[in-house]
2 protein chains.
Amino acid sequence: MAKKLDPLLHNELRLSILSLLISLEHADFGYLLEKTEASKGNLSVQLTKLKEVGYIEITKTFKNNYPYTECKVCPKGIEAFEKYVNEISKLLNLKK
Amino acid sequence: MAKKLDPLLHNELRLSILSLLISLEHADFGYLLEKTEASKGNLSVQLTKLKEVGYIEITKTFKNNYPYTECKVCPKGIEAFEKYVNEISKLLNLKK
DNA sequence: TAAACTAGTTTATAAAATAAACCAAACAAT
DNA sequence: ATTGTTTGGTTTATTTTATAAACTAGTTTA
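> So, unusual backbone geometry: which residues are in play, and what are the values?
Residue and element names in this part refer to chain B. For N64, which is not a glycine, the phi torsion comes out positive at approximately 50°. Along the chain, the position of N64 falls in the loop between β2 (56-63) and β3 (66-73). Taking the relative accessible area as the measure of exposure, N64 reaches 68% and is therefore exposed. Of note in this structure, N93 is not a glycine but carries a positive phi near 55°. Taking the relative accessible area as the measure of exposure, N93 reaches 54% and is therefore exposed.

In structure tokens:
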């Protein structure tokens, strides 16, 4: 079919992540875990996917001796998200 | 994660089908094929799924000696669609 | 120093999406 | 009347995705 919806965004968890990152600008792994209620494994996989296509940036450092993963949305991610919103709005006959 | 989006609707083709059926009330296989630009096989499978959960009703008759498949949305389908719209609107911070 | 916890990643499995192959009946040409 | 072609689909096989379970590497606590 004539695919309009970016398949990378058309997934509930990835959509939630990007939505959060867009409103917050950046967030750490634990926060995303809590907010999305995803499993750690699933969250990790989906973050990696979003990073691989350049929608987000992941910075790994240490905080209190523990690994600390921070995520930040990239311009490409914002663009893709906005496009997704437009397309699904059309599909569902929503006004933005 | 805390799943909010009905997985049966969170699929582009099924979403398109339901969106069309809601605005048109009913449509035949060929029309849906044309509008969605899906393959026949995919359309057939997704229509069957939507029927199996009671979101749409499928009526098979004959027209000019050929099989003729008509689809119509059911109340349950309308309800599910509306719920989906609400949930994804929240997720994406859209106003309906 | 062993157990338990933190903060993740990797991988195995199940589920889903999709296209390719198929089918039965109708029509068309030979 | 037989062969080929088209219509209007369905079924099935394959690939892709999503997800949870298992694992890793290091830290803290007892």
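> Help me get a handle on the protein's contact with DNA strand D, residues and values and all.
Taken together, the neighbourhood of DNA strand D is formed by 22 residues, with A:R14, B:K40, B:S44, B:K60 and B:T69 sitting nearest. Counting only atoms of DNA strand D within 4 Å of the protein, the fraction found in sugar and phosphate groups is 71%. Within the contact set of DNA strand D, a base nitrogen lies 2.7 Å away from a side-chain nitrogen or oxygen of B:K40. Here B:P67 contributes a backbone N or O atom positioned 3.2 Å from a sugar or linking oxygen of DNA strand D. No other element matches the five residues that helix α3 (residues 40-52) of chain A contributes to the surface near DNA strand D. Here the surface near DNA strand D is composed, by residue class, of seven nonpolar, 10 polar and five charged.

What counts, and at which threshold
Residues numbered from 1 in each chain as written. Chains lettered and ligands numbered in written order. Predicted model: local features only at pLDDT ≥ 70, side-chain atom pairs only at ≥ 80, totals over all residues. Heavy atoms only, no water. Helix = DSSP H or I, 4+ residues; strand = E, 2+ residues; numbered from the N terminus. Buried < 20%, exposed > 50% of the residue type's maximum accessible area, 1.4 Å probe, protein only. Near = heavy atom within 4 Å. Polar contact = N/O pair within 3.5 Å; in protein donor to acceptor, adjacent residues only side chain to side chain. Nonpolar A, V, L, I, M, F, W, Y, C, P; charged D, E, K, R; others polar.

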